[in-house]
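# Fold and geometry: a report
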Amino acid sequence: MLSWKEALSDRVSPELTREIDIYETQIELKRQGKIDDKIFAETRLRRGTYGQRYDNGQRDDGTGPKELAFPDRVATKGPETLWHAPGMQRIKIPFGGLTARQLEVLADLAEEYSDAICHVTTRQDIQLHFVHIEDTPDLMRRLAAEGITTREACGNSIRNVTACPLAGVCRDETFDVIPYAKAASRFLLGHPDCQDLGRKFKIAFSGCAENPCGLVSMHDLGFIARTRTIDGHEQRGFETYVGGGLGAVPYQAKLYDEFIPDSEILPLAQAIARVFARLGEKKNRARARMKFLLAKLGFEEFRRLVEEERKVLRADPAWTEFLASTSRAEDAPLVDTAGNREAGDPSRLEQWKRTNIYRQRQAGYVVATVTLPLGDATSWQMRKLADLARRYCGDSIRATVDQNILFRWVRDSDVPGLHAALEEIGLGEPGAGSIVDITACPGTDTCKLGIASSRGLAAELQERLVARSMQLNQAVRDLHIKISGCFNSCGQHHIADLGFYGVSRNVGGRTVPHFQVVLGGRWDRNGGAYGLAIGAVPSKRIPDVVDRMTDRFVRERSKEESFQDFCARIGKRELKNLLSDLMEVPAYDQDTSFYSDWRDPREFTLGDLGVGECAGEVVSLVEFSLAESERRAFEAQLLLEAGEIEAADHMAYSAMVEAARALVRVQNPNLRDDVEEVVREFRTRFYDTELFFDKYAGGRFAQFLLRRHEETDERYFNEERVRQLIEEASLFIEAAHACDARIASRGGVSPAPSAAVGGASVP
C-alpha cells in the first residue's frame with residue numbers, strides 16, 4: 001500500500017515536499033532526544049502544531065478526550081505535554097477562501113486524525129483538535145495536495161492574512177481587496193525577512209471603513225481600500241494602519257498613511273517586518289508584539305525607520321507582478337441555477353432570510369451565511385456543505401471571523417432550496433450576526449491558558465437566547481456577545497457589545513469560575529473601540545448579567561441609541577451597581593452549583609487545591625485588600641470616563657500598589673503604607689523570587705506595576721495610555737488573586753510558581 005507521500009508525490013511541489021520531509025525528520029529526532037526542546041517547539045509551532053489541554057476535554061455528550069480512544073499511539077518519551085497526548089493543528093486559510101474539494105479534505109482529516117470536528121477560528125483558520133503529532137506530516141501532505149498549508153499558522157511568524165469575506169460582492173466596498181490579500185499571503189509566506197520576528201504579526205484587509213468585516217483596528221498591519229484621482233485617472237491604494245492588537249492589553253492601530261498606492265503595500269509590509277525583526281523585543285515575550293515597539297519608539301521615529309528601510313530594499317518583481325490581474329479581477333457566478341426545489345417551513349425560511357441573507361451588489365445574487373454553533377461543523381456536515389456548494393455557489397466559499405461559513409453568488413431563486421437543504425443537515429438556524437451568534441474561543445475545553453469555560457457559557461447563552469429570540473427587541477437582537485476563556489482576547493471580547501473573559505476567585509478555600517464583564521467595545525467601524533472590564537461575576541450568573549443589561553437597555557434607550565452610547569450615557573458606576581448583587585458567591589454548603597463551570601459537572605479546580613488551618617484568616621485579609629484594589633481600578637475607569645486623565649492614571653497605579661500590599665502583608669505584617677516600601681518589598685518577595693510568576697506569562701503582569709512605578713517622575717498622560725494602564729491594573733489584580741489562591745491551596749505556604757495567571761491550570 002502506498003504511503004501518502006508516495007501517493008501524492010505528483011501533486012505536492014518538490015519544495016513543499018522537502019519542507020514536510022524535514023519536519024518529519026525533526027519529529028523523529030525529537031523522539032530520540034536529539035533535538036533541543038525549544039528548537040523543536042518553535043519548529044512545530046511554525047507548522048501550526050500546538051500542544052493542547054486535555055484534562056478538561058469534557059464534551060457536551062459526556063465523552064472524554066479522544067486520546068483515550070487510542071492510548072497505544074501515545075508516545076512515552078519526551079518532556080513536552082504534546083508528546084504525551086494529542087494536540088491541535090491549525091490550518092491557514094488565507095482570507096477564509098475555501099473550495100468544495102477543500103471542505104471534503106478537511107472533513108476527511110478531521111474524521112481520520114481528529115475528533116471529527118472542524119473548528120472555524122476568529123482569524124478565518126480551521127483548527128483540528130486531538131491530533132497526534134506523528135500524524136501531522138501526512139495531514140500536511142494531504143492539505144498541500146489541495147493547495148492548503150499549515151506553515152506559519154502559529155509561532156513567531158506572519159499569521160494568516162485575513163480579509164472581508166464579502167470582498168468582491170459587498171455593496172459598500174471601494175474595490176475588491178482579495179487579490180491584494182492573496183498577494184500579501186503568498187509574498188510573505190516563508191519570506192527571509194519574516195523569519196526572525198520576536199512574536200506573531202497579523203495583517204488584515206478591508207474594502208471599507210464602516211463595517212466590521214476586516215477588523216483592521218486590531219491588527220499589526222491593516223489596509224482599508226481607498227481610491228484617488230490623479231490627472232484624471234483613478235488610482236487604487238490603501239489607508240494604512242499599524243500597531244494594533246488585542247491580547248491582554250489592547251492597542252488601537254495608528255494611522256500610518258492616508259493613502260499608500262497599491263504598488264507599495266508589499267514593500268511596505270516587508271520594510272515593517274524588517275524593522276520589527278531588528279528592533280522588536282526578543283527576550284520578554286510580554287512586550288514583544290509590534291504595538292509595544294511602536295509605543296517604545298514613538299510613531300514618528302517608527303515611521304522614519306520604516307521609510308529608511310524601504311529605501312534600501314532590493315527591488316522585487318513580486319511587489320507588483322500581481323497588479324496586472326487586479327484591474328481585470330471580477331467576482332462572477334460559478335454555477336448555473338440549481339433549479340427550484342420545494343422549500344421547508346415558510347416561517348423558518350423567512351426568519352433565516354432576515355438574518356442570514358445579504359444582497360450582493362450584483363443584482364439577482366445573495367450571500368448566504370451558514371451559522372456554525374460555536375464555530376463547529378462535523379465531518380459529515382462539512383461533506384454535505386461541499387455537496388451544497390457545488391450545487392449552489394461553486395467554490396465561492398468563505399470562512400468568517402465570527403466563525404461561520406459563507407456561500408457567495410447564490411441565486412435569489414435558489415435561496416429556499418438551499419435553506420431546506422441546510423435544515424436537513426442541522427445548519428439551517430437563523431441569527432447570523434445577531435446576539436445568538438456568539439463568538440467563543442476554545443477556553444478550558446482544549447486551551448492550556450483557559451481559566452473558565454468560554455464554550456460552555458456560550459452554549460448556555462445561545463440555548464437560552466434562541467429559545468426566546470422571537471420575543472427579543474430588535475435592538476437587542478443586533479448586539480454581539482464575545483467570550484474568551486482568559487484575558488488574552490482570542491474570543492475578541494474587547495470589541496463586543498457584551499464581552500466576557502474568564503477569571504477565578506478563591507471563596508472559602510474553593511476556586512469559583514468567574515467572568516469579567518467588558519463593556520464599551522465597538523464591533524463596527526473595523527473594531528472601532530475597545531471595552532473595559534467593570535467587574536467579575538460568577539460564571540453561573542452571567543446569563544443574568546445579559547438579561548439585566550439588555551432589559552435595562554430596552555427600557556431606557558433613547559430613540560435609535562446604540563448600546564455603546566447607552567452605556568456611556570448612564571455611566572460605569574450605574575452599570576456596576578446594576579450588577580453588584582450578581583457578583584456575590586453563596587457559600588458552598590448553600591449552593592454547590594457556583595463551584596462548577598457550565599457544561600461540566602465536576603467541581604471547578606485550577607489544580608490540587610487544599611485548605612490549611614490558617615488559610616481562612618490569610619485569605620480573609622488578602623481578599624479584603626484585593627477587593628479594595630478592584631474598587632480603585634474601577635474608580636480609575638470612572639475618572640477616565642469623566643475626562644480626568646491624570647487622576648485616572650494615579651488611581652490605576654494605586655490599585656496595583658494596593659494589590660501588591662495585600663500579598664506582601666501576608667509575609668510582612670509590619671509593612672508600612674509607604675509606596676516605595678510596598679513596591680520594594682513586592683519586588684524582593686514576589687518578583688525576584690518568581691513567586692508571582694506563572695508558567696505562561698512569567699513576570700509579565702508584575703512588570704506592569706514595576707514599570708509604572710519607575711515612570712512616576714517622568715509620566716506623561718493621554719487617554720490611550722491611561723486606558724492601557726487601567727487594563728494592566730486589572731490584569732495585575734487578577735494575577736494577585738491567582739497568586740493568593742496558590743498560596744492558600746498550600747495552607748499559606750508560599751509555593752513554587754506553577755499555575756497560569758488567573759489560576760489557569762496546566763495539564
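Above: the structure in question.
Quick look at the structure, then. (Residues numbered from 1 in each chain as written. Predicted model: local features only at pLDDT ≥ 70, side-chain atom pairs only at ≥ 80, totals over all residues. Heavy atoms only, no water.)

## Considering helix 10 (residues 299–312)
Its 14 residues place the ends of helix 10 21 Å apart at the C-alpha level, agreeing with the 20 Å of an ideal helix rising 1.5 Å per residue. Within the span of helix 10, buried status applies to Phe302, Leu305, Val306 and Glu309. Angular distribution of buried residues about the axis of helix 10 spans 100°; they occupy a single face of the element. Facing away from the buried surface of helix 10 by more than 90 degrees, the exposed residues are Glu300 and Lys311. Packing partners of the buried residues in helix 10 comprise strand 9 (233–242), strand 10 (254–261), helix 8 (265–279) and helix 9 (290–297). (Helix = DSSP H or I, 4+ residues; strand = E, 2+ residues; numbered from the N terminus. Expected span 1.5 Å × (residues − 1). Buried < 20%, exposed > 50% of the residue type's maximum accessible area, 1.4 Å probe, protein only. Arc of directions from axis to C-beta. Contact = heavy atoms within 4.5 Å.)

## Here's the deal with the packing of aromatic side chains
The full count for this structure, using the stated rule, is 22 aromatic pairs. Judged by centre distance (5.4 Å) and plane angle (70°), the rings of Tyr251 and Phe292 are edge-to-face. Here Phe292 lies in helix 9 and Tyr251 lies in the loop between strand 9 and strand 10, a separation of 41 residues in the sequence. Residue classification places Tyr251 among the buried positions, given a relative accessible area of 5%. You can call Phe292 buried: its relative accessible area is 9%. With a centroid separation of 5.1 Å and an interplanar angle of 80°, the aromatic rings of Phe682 and Phe692 are classed as edge-to-face. Of the two residues, Phe682 is situated in helix 23 (residues 675–687) and Phe692 in the loop between helix 23 and helix 24 (700–710); the sequence distance between them amounts to 10 residues. The exposure classification of Phe682 matches that of Phe692, with both residues buried. Residue placement shows Lys540 over the ring face of Trp598; its charged tip is 5.1 Å from the ring centre. Here Arg708 stacks its cationic end above the ring of Tyr653, 4.4 Å away from the centre of that ring. (Phe/Tyr/Trp six-rings, centres within 6.5 Å; stacked < 30°, edge-to-face > 60°. Lys NZ or Arg CZ within 6 Å of the ring centre and 35° of its normal.)

## Overview of the nonpolar core
Counting residues in each nonpolar core, the largest one holds 55 residues, and the members touching the most others are Leu663, Phe682, Phe686, Phe692, Phe701, Leu705 and Phe732. Breaking this core down by element, the ones donating at least two residues are strand 18 (498–507), strand 20 (532–538), helix 21 (615–641), helix 22 (645–667), helix 23, helix 24 and helix 25 (719–745). Among all residues touching Leu663, those that are not within four sequence positions of it are Val622, Phe682, Phe686, Phe692, Ala736, Cys739 and Asp740. In terms of nonpolar packing, the next biggest core, distinct from the first, is built from 46 residues, Ile265, Leu266, Leu268 and Phe322 among them. (Core = buried A, V, L, I, M, F, W, Y, C linked by side-chain atoms within 4.5 Å.)

## Quick notes on the layout of surface pockets
When its volume is computed, the second largest pocket comes out at roughly 1300 Å³. Taken together, 49 residues form the lining of the second largest pocket, with Thr355, Ala432, Gly433, Ser434 and His480 sitting closest to its centre. Elements represented by at least two residues in the lining of the second largest pocket include exactly helix 12 (346–356), strand 11 (357–359), helix 16 (474–477) and helix 19 (563–570). (1 Å grid on protein atoms, 1.4 Å probe; cavity = no way out; pocket = protein on both sides within 12 Å on 5 of 7 lines; lining within 4 Å. Points joined across faces, edges and corners; volume = space filled by probe spheres on them.)

## Section: the environment of Cys567
Along the chain, Cys567 turns up in helix 19. In this structure the C-alpha to C-alpha distance between Cys567 and Gly520, which are 47 residues apart in sequence, comes to 6.9 Å. Beyond its immediate sequence surroundings of up to four residues, Cys567 is in contact with Met549 and Leu575.

## Concerning the sheet that holds strand 7 (residues 203–206)
Strand order in the open sheet made by the five strands is 6-7-8-9-10, with mixed pairing throughout. Unpaired on one side and paired on the other, strand 6 (162–163) and strand 10 mark the two borders of the sheet. The pairing of strand 7 with strand 8 (residues 221–230) spans four bridges and is parallel. Bridge assignment links Phe205 to a residue of strand 8, and that residue is Phe223. (Pairing = 2+ DSSP bridges.)

## A closer look at the environment of Glu309
You can see Glu309 is positioned in helix 10. On the accessibility criterion, Glu309 (8% relative accessible area) is buried. Between the C-alpha atoms of Glu309 and Gln270, which are 39 residues apart in sequence, the distance is 8.9 Å. In contact with Glu309, other than residues within four places in its own chain, are Ala271, Arg274, Val275 and Arg278. A polar atom in the side chain of Glu309 sits 2.6 Å from the side chain of Arg278. (Polar contact = N/O pair within 3.5 Å; in protein donor to acceptor, adjacent residues only side chain to side chain.)

## Regarding helix 5 (residues 100–113)
Over its 14 residues, helix 5 extends 20 Å from the first C-alpha to the last, a length consistent with the 20 Å expected when each residue adds 1.5 Å. Every buried residue belonging to helix 5 is among Ala100, Gln102, Leu103, Glu104, Val105, Leu106, Ala107, Leu109, Ala110 and Tyr113, and all of these are buried.

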